[in-house]
Amino acid sequence: MVRWEPDAAGRLRKAAVELFAERGVEATTVAAIADRAGVTERTFFRYFTDKREVLFSDQGEFVSRFVTGVQEAPVGASPLDAVAAGLRAGGAVFSPERRDGARVRATVIAANPGLQERELLKMAGVADAMAAALRERGVAEPAATIAARAGIAVFSTAFADWIADGQVRAFPELVDEGLQALRALTVV
């Protein structure tokens, strides 16, 4: 077993998602993931607490991208414009070369109710963090929470569109389209 190859965590993520797609989450063992990644089980547990954690291990970095986008929005930006900046920053990781992997991950999550719940909690955490960043910018409640949660609805819709079979449009374009639709709802 080769242990010196770089990016063990990345190889473990890739192996886990492949095996989850092939066998299902419950039927996939940590031993199988480690074997496919070319590492030991001990190495697996250096990076992840359990096999499900492989799908959610980047939560802190993921949230921080959204928060940084909100924080760096221009002074005087409306709450929705600040959220839009957060969505663009958070969505910057969704490049065309990541689309296939994102599709497989989404399929794995959709097939497992426990993972669906965890994904929803992850996105609720992003909304809460963006709302806190909006409050730091002086946005009062309930506007901060409403803007952040509406932004997550836009993000989730754009993501579902982005991973749809046959979709070739870029993720930022889909986010912008969703933001336009949201703004159209508020026009009186």
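Owing to the predicted nature of the structure, the values given are computational and were not obtained by experimental measurement. (Residues numbered from 1 in each chain as written. Predicted model: local features only at pLDDT ≥ 70, side-chain atom pairs only at ≥ 80, totals over all residues. Heavy atoms only, no water.)

Participant: Looking at this structure, I do not really get the nonpolar core. What am I missing?
Facilitator: Proteins that are soluble and globular tend to have nonpolar side chains buried together. Counting residues in hydrophobic clusters, the biggest one holds 41 residues, and the most contacted among them are L87, M130 and L134. A total of eleven residues in this core trace back to one element, the largest contributor, which is helix 8 (residues 143–163). Excluding residues that lie within four positions of it along the chain, L134 makes contacts with V70, P79, A82, V83, V139, A144, A147 and A148. (Core = buried A, V, L, I, M, F, W, Y, C linked by side-chain atoms within 4.5 Å. Buried < 20%, exposed > 50% of the residue type's maximum accessible area, 1.4 Å probe, protein only. Helix = DSSP H or I, 4+ residues; strand = E, 2+ residues; numbered from the N terminus. Contact = heavy atoms within 4.5 Å.)

Participant: What is the right way to look at the pattern of salt bridges in this model?
Facilitator: Pairs can form between side chains of opposite charge whenever their charged atoms are close. Within this structure, the stated rule accounts for 14 salt bridges. As a salt-bridge pair, R103 and D100 come within 3.0 Å of each other at their nearest N and O atoms. In this pair, R103 and D100 are both assigned in helix 6 (residues 99–110), three residues apart and thus about one turn of the helix distant. With its nearest N and O atoms 3.0 Å apart, the salt bridge here joins E119 to R105. One end of the pair, E119, is in helix 7 (residues 113–136); the other, R105, is in helix 6, and 14 residues separate them in sequence. We note that E119, like R105, is buried. When salt bridges that share partners are traced, they join K14, E18, E22 and R36 into one network. (Salt bridge = Lys/Arg side-chain N within 4 Å of Asp/Glu carboxyl O.)

Participant: Explanation requested: the environment of M123 in the structure shown.
Facilitator: Secondary-structure assignment places M123 in helix 7. Placed 71 residues apart in sequence, M123 and R52 show a C-alpha to C-alpha distance of 16 Å. With residues up to four places along the chain from it excluded, the contact list for M123 reads F62, I152 and F155.

Any functional reading would require information beyond the geometric quantities listed.
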